[in-house]
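Summary of structural features
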Amino acid sequence: MQNPNELNNDGILFAQKGNYKKAISCFKKAIEIKNDNPIFWLNLGITYRDFNKIDLAIEATLQAHKLDLQNHEIANTLVQLFINNSELERATDLCQKILAADDKNSKTWNLLGIIYFKSELYSKAQNCFETALTIDAFFSDALFNLRDTYFELGDEEKAIETLEKGLSETGD
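All values derive from a computational prediction rather than experimental measurement.

Running from amino to carboxyl end, helix α8 (residues 122–135) crosses helix α9 (residues 140–152) at an angle of 155°, the nearest separation of the two axes being 9 Å. Taken together, the axes of α8 and α9 lie roughly antiparallel to each other. Along this stretch, α8 crosses α9, giving a crossing that reads as left-handed. Of the residues in α9, those touching α8 at Y122, A125, Q126, F129, E130, A132 and L133 are A142, L143, N145, L146, T149, Y150 and E152. A breakdown of the residues in the contact of α8 with α9 according to their chemical character gives nine nonpolar, three polar and two charged.

This paragraph deals with helix α3 (residues 38–50). The first and last C-alpha atoms of α3 sit 18 Å apart over 13 residues, in line with the 18 Å expected at 1.5 Å per residue. On its buried face, α3 sits against α1 (4–16), α2 (20–33), α4 (54–67) and α5 (72–84). One side-chain oxygen of the residue at the start of α3 lies 2.8 Å from the amide nitrogen of I39, identifying that residue as N37. Just beyond α3, the residue with positive phi is N52, at close to 65°.

For the structure shown, the criterion picks out four salt bridges. The partner of D36 in a salt bridge is K34, and the shortest N-O contact between them spans 3.2 Å. Judged by relative accessible area, K34 falls into the partly exposed class, the value being 38%. Here D148 ties to R147 by a salt bridge, and the two come within 2.8 Å at their closest N and O atoms. On the accessibility criterion, D148 (28% relative accessible area) is partly exposed. Note on R147: relative accessible area 18%, which makes it buried.

Let us now look at the side chain of T162. If you trace the backbone, T162 turns up in helix α10 (residues 156–170). We classify T162 as buried; its relative accessible area is 10%. Reaching out from T162, the side chain makes a polar contact with the backbone oxygen of K158 at a distance of 2.7 Å. With sequence-adjacent residues up to four places away left out, T162 is seen in contact with L143, L146, R147 and Y150.

Reading the values: rules and limits
- Residues numbered from 1 in each chain as written.
- Predicted model: local features only at pLDDT ≥ 70, side-chain atom pairs only at ≥ 80, totals over all residues.
- Heavy atoms only, no water.
- Axes fitted to C-alpha atoms, helices over the stretch in contact; angles between N-to-C directions.
- Helix = DSSP H or I, 4+ residues; strand = E, 2+ residues; numbered from the N terminus.
- Parallel < 35°, antiparallel > 145°, perpendicular 65-115°, else oblique.
- Left-handed = near helix turned anticlockwise from the far one by under 90°.
- Contact = heavy atoms within 4.5 Å.
- Nonpolar A, V, L, I, M, F, W, Y, C, P; charged D, E, K, R; others polar.
- Expected span 1.5 Å × (residues − 1).
- Polar contact = N/O pair within 3.5 Å; in protein donor to acceptor, adjacent residues only side chain to side chain.
- Salt bridge = Lys/Arg side-chain N within 4 Å of Asp/Glu carboxyl O.
- Buried < 20%, exposed > 50% of the residue type's maximum accessible area, 1.4 Å probe, protein only.

Right under this line is the structure:
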């Protein structure tokens, strides 16, 4: 019998090379052997996402999340998939659950900000991005998202200030 961890590692290598069909096959074989490993399911979901099979990515990542409700990396990946699939209500609900358990999760604050931004709720988005940055001042995604939000709110001065701060922190 094949080792599920080796199959998972092989799947990761295939996915990195862009050979998604072989990667998916490896992850599925690993799951057949050990179907209660959330990382195998997460890797399958990420590979489906990269292969542009969003519905299958959500299905696999939901299974990973069910197996490990405490893993915020899995939950945040699921939120991103919901956003990519325009399921903003599901994404918002999951963000709120994550933040209820861990309100210092800067990635989740950033994702919630993205949801509000996409919903044109720019003041709420601003609050989320600012919260993410109070938790992690060097979180460049949140910084650039905040800049875009300031532009949408018509505050060009703050947008430019944020852009300059972002460029100085990223070394550009």
